[in-house]
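# An overview of the molecular structure
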Amino acid sequence: MNCIETKNLSHYYSHDQAVIQQIDLAVPKGAIYGFLGPNGAGKTTTIRLLLGLLKLQKGTISIFGEDVQSNRIKILSRIGSLIETPSLYGHLPAQENLAIHARLFGIKKDRIKEVLDLTGLANTGKKTAGKFSLGMKQRLSLAIALYHNPELLILDEPTNGLDPNGIIEIRELLMKLNAEKKTTILISSHILTEIEKMVSHVGIIHQGTLKFQGSLQELQSKRHSGNTLSLITSDSVAAKRIAEQCSLSATIIDNKLQFTTPEHATTALLVKKLVDQNIDVYRIEEQHQNLENIFMNLIN
Amino acid sequence: MAYTACLSAEWMKTRRSFSSWLVVIGSAFVPFIMLLANLFRPDSARSLYLKVNFWDLYWSNAWNPVATFLCPLGVILSTSLVTQLEFRNNTWKQLHTSPQSYTSIFTAKLSVLIIMFLQFLLLFNLFIYVSALIPTFVISGIKMPKGFVPAATVWKDNWDYFSACMPILAFQFLISLRFKNFLIPLAGGIGLWVASLIGISWKHNYLLPYGHSTLQFMSRKNITGIDPTKIYSSAAIYTIVFIVLAYLLYLTQKEKG
């Protein structure tokens, strides 16, 4: 069952300028869904539509199996969100920011210490949020999003402004929440490597359209099919001819013979033939296509 | 329930804010100046405290700058400050993703502004009394005049100035909800207030929503050409129209954070 589902979701800022077009998002319940795309791809617009911050123009949105338009308040009570830049009352300390949130969600203030501990802000005391560093503000925003134990977390670039340690801590915290409380998490980012270690599903958006959606395994299978083998030999031109006899489409780059990684048997055959033709093989190495390359290929 | 949760949250936001200090400082300002004047001029204070109509004079002197100047400007400034809190802190998106109806959010915000205005009036009344009391302990030969301003006058004056400033509060609320830039409601409000003062001698002066408070004070000085009944009705109509308009504009906003 999908926790978030959109159908033909489109949004226009002007009559003929679509920001997103026919987005069919499907975020499975219990998943950590990485919503990826370069800056300006339409991630934030999609998220703002999901949360009702933008008026729905075209398409449908359903969260927890219910229509967002007609069940807005009920749905929002089960969602925690963090959208782009921190959203805090700068003249108030962390505890009071959380107390306001607790009041708006109609819940007790007894979790303030717990979420401040969880996000590493337990010692901020009476320091007002306006005096926090960007990383601290981001942590407090996350504490607010987590406060009411939401079933769904929607986080738009939550690691903005965090140092590498902070990024790892937040990642571990989100993975823990997902594992222990089965919280569904939609997390957007423009950096794949930043979130690939935690996501179970991926959606890649570019220029307002969804280029890929599926499990991380599906995306990774694209990686394996895109790996290349590179050979350094004593005669690249002759080696290329022999590779073509083995049905390999090879190219010579920087005196290296390169082709898509074939089956093991084909590689063995090629090496045997090269040796038989007195061509020395100095080095064979496989170059793995990383997810970032796949991501770049998808958006270019 | 939703409204009280919203109201409570809105009230918490005003804590430690400049606008909450503005209410206290603004309400104490004129009584404090009057106190200083009496302390530094003990002779004139002695003759003032001996007058039979001491409270009438003291009350009227206190209200003079407040009704014509401090109340309208204070409402312009504090309404803009409180309403713009969400823009300034980038918190509209957080507020609008809380499980609260837009109506609850709107009415809670408006209620907080009205409560702060009432708080200002209450403190101002209190400070008037305290500022009259202090010289009796400091200046020799001065005794506290008996009684206070009649309760009916206190209620009527407070209500009149409150209702006269409500159109300002409502319009400032409307434009502060619409514009992200703090200067627009502030400059707009001050501009409209100055325009109202310029037009105060106009025969239809009661139609100027930012001039009602000044007109109320002038009506107490028996200046001709001022009809308090028209001020009441004009203020009420403006207040209702501005609030309804603000609500509709708020509800139909395409972007809510």
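Everything numeric here is computed off the predicted structure, so don't read it as measured data.

### So, empty space enclosed by the protein
If you walk through the whole model with that rule in mind, you get three cavities of 30 Å³ or more. Roughly 90 Å³ of volume is contained in the largest cavity. In this structure, the largest cavity is lined by S87, L88, Y89, N97, I100, H101, L104 and I144 of chain A together with T91, Q94 and L95 of chain B. Those elements that place two or more of their residues in the lining of the largest cavity are α3 (94-104) of chain A together with α6 (92-96) of chain B. In terms of residues, the lining of the largest cavity owes the most to one element, α3 of chain A, which gives four residues. A class-by-class count of the residues in the lining of the largest cavity yields six nonpolar, five polar and no charged. Taken as a whole, the second largest cavity spans an internal volume of roughly 40 Å³.

### Quick notes on the interface of chain B and chain A
On the side of chain A, 31 residues touch chain B, which itself brings 28 residues to the contact. Together chain B and chain A conceal approximately 2800 Å² of surface at their shared face, both sides included; 55% is due to carbon and sulfur atoms. When the buried area of chain B at its contact with chain A is split by residue, R16, T97 and P99 of chain B rank highest and sum to 23% of it. For the pair chain B and chain A, the interface holds three salt bridges. R16 of chain B is paired through a salt bridge with E96 of chain A; the nearest N and O atoms lie 2.5 Å apart. A total of six residues in the side of chain B that touches chain A trace back to one element, the largest contributor, which is helix α1 (residues 2-14) of chain B. Considered class by class, the residues forming the side of chain B that touches chain A number eight nonpolar, twelve polar and eight charged.

### Here we look at the sheet that holds strand β11 (residues 209-215) of chain A
For sheets, the rule is that strands pair by backbone hydrogen bonds, running either parallel or antiparallel. Residues and elements named next belong to chain A. Pairing in this open sheet of six strands is mixed, and the strands run β7-β8-β9-β4-β10-β11 from one edge to the other. A single partner strand is all that each edge strand has here, and the edge strands are β7 (79-83) and β11. Strand-to-strand twist across the sheet, computed as the mean angle between neighbouring axes with direction ignored, equals 10°. Strands β7 and β8 (152-156) of the sheet are contacted by helix α5 (residues 134-146), whose axis makes an angle of about 160° with β7.

### Points about the nonpolar core
Core analysis: the biggest nonpolar cluster contains 82 residues, and L98 and L140 of chain A together with Y58, W63, V66 and F117 of chain B have the highest contact counts within it. For V66 of chain B, the residues in contact, after removing those within four places along its chain, are V30, C71, P72, F120 and F124 of chain B.

### Focus: the domain arrangement of chain A
According to the domain assignment, chain A consists of domain 1 (2-222) and domain 2 (227-289). Relative to domain 2 of chain A, the C-alpha centre of domain 1 of chain A lies at a distance of 47 Å.

### So, the confidence of the model for chain A
As a general rule, the predicted coordinates of low-pLDDT regions are not to be interpreted in detail. Looking at chain A, pLDDT values average 91 and 99% of them are 70 or higher. Taking the mean pLDDT of every element in chain A, the minimum, 73, falls on helix α11 (residues 291-299) of chain A and the maximum, 97, on strand β3 (residues 26-28) of chain A.

### Considering the sheet that holds strand β15 (residues 281-287) of chain A
Residue and element names in this part refer to chain A. Read from one edge to the other, the open sheet built from four strands follows the order β13-β14-β12-β15, with strand pairing classed as antiparallel. In this open sheet, the two edge strands, each paired with only one partner strand, are β13 (251-253) and β15. Direction aside, neighbouring strands of the sheet carry axes that sit 30° apart on average. Of the strand pairs in this sheet, strand β12 (residues 228-233) and β15 are connected by six bridges, and their pairing is antiparallel. Residue pairing in the sheet places T233 in a bridge with V281 of β15. Of the strands in this sheet, β12, β14 (256-260) and β15 are in contact with helix α10 (residues 264-276), which crosses β12 at around 10°.

### So, the state of the cysteines
All names here are of chain B. Following the criterion strictly, the structure yields zero disulfides over all chains and no others. No disulfide involves C165; its nearest neighbouring cysteine sulfur is the one of C71, lying 4.3 Å away. By relative accessible area, which is 0% here, C165 ends up buried.

### Details of unusual backbone geometry
Residues and elements named next belong to chain A. The backbone of F64 shows a phi angle near 55°, a positive value even though the residue is not glycine. Structurally, F64 is set in the loop between β5 (58-63) and β6 (66-67). With a relative accessible area of 12%, F64 lands in the buried category. Phi is positive for D254, close to 50°, though the residue is something other than glycine.

What counts, and where the lines are drawn
- Chains are numbered independently. Their residues run from 1 in the order of the written sequence.
- In the order they appear in the text, chains get letters beginning with A and ligands get numbers beginning with 1.
- Residue-level local features of this predicted model are given only where pLDDT is at least 70; pairs of side-chain atoms are given and counted only at 80 or more, and the full residue set underlies all totals for whole chains, interfaces and linings.
- Remark: hydrogens and water are excluded; side-chain values derive from all non-hydrogen atoms of the structure.
- Here a cavity denotes grid points, spaced 1 Å and computed from the protein atoms alone, that fit a 1.4 Å probe unable to get out, and a pocket denotes an open set having protein on both sides within 12 Å along at least 5 of 7 lines; residues with an atom within 4 Å of a point are the lining.
- Grid points are joined across faces, edges and corners, and a volume is the space filled by probe spheres set on the points.
- In DSSP terms, a helix is any run of H or I states spanning at least four residues, a strand is any run of E spanning at least two, and both are numbered starting from the N terminus.
- As a working rule, the residues Ala, Val, Leu, Ile, Met, Phe, Trp, Tyr, Cys and Pro are called nonpolar, Asp, Glu, Lys and Arg charged, and the rest polar, with Gly in that last group.
- Whether two residues are in contact is decided by their heavy atoms, any of which lying within 4.5 Å being enough.
- Buried area adds together the accessible area that both of two parts lose upon being put together, with accessible area traced by a 1.4 Å probe.
- The rule for a salt bridge is simple: a side-chain nitrogen of Lys or Arg has to be within 4 Å of a carboxyl oxygen of Asp or Glu.
- Pairing between strands is defined by DSSP: at least two bridges between them are needed.
- Every angle, taken between N-to-C directions, lies between 0 and 180 degrees, and every axis is a line fitted to C-alpha atoms, over only the stretch in contact when it is a helix.
- Think of a nonpolar core as a cluster: buried Ala, Val, Leu, Ile, Met, Phe, Trp, Tyr and Cys residues, connected wherever their side-chain atoms sit within 4.5 Å.
- Think of it in three bands: residues with accessible area under 20% of the maximum for their type are buried, residues over 50% are exposed, and the middle band is partly exposed, with areas taken using a 1.4 Å probe on protein chains only.
- Domain borders in the structure are assigned automatically or taken from a domain database.
- Per residue, pLDDT measures the predictor's confidence, with a range of 0 to 100.
- When two cysteine sulfur atoms are found within 2.5 Å, that pair is recorded as a disulfide.

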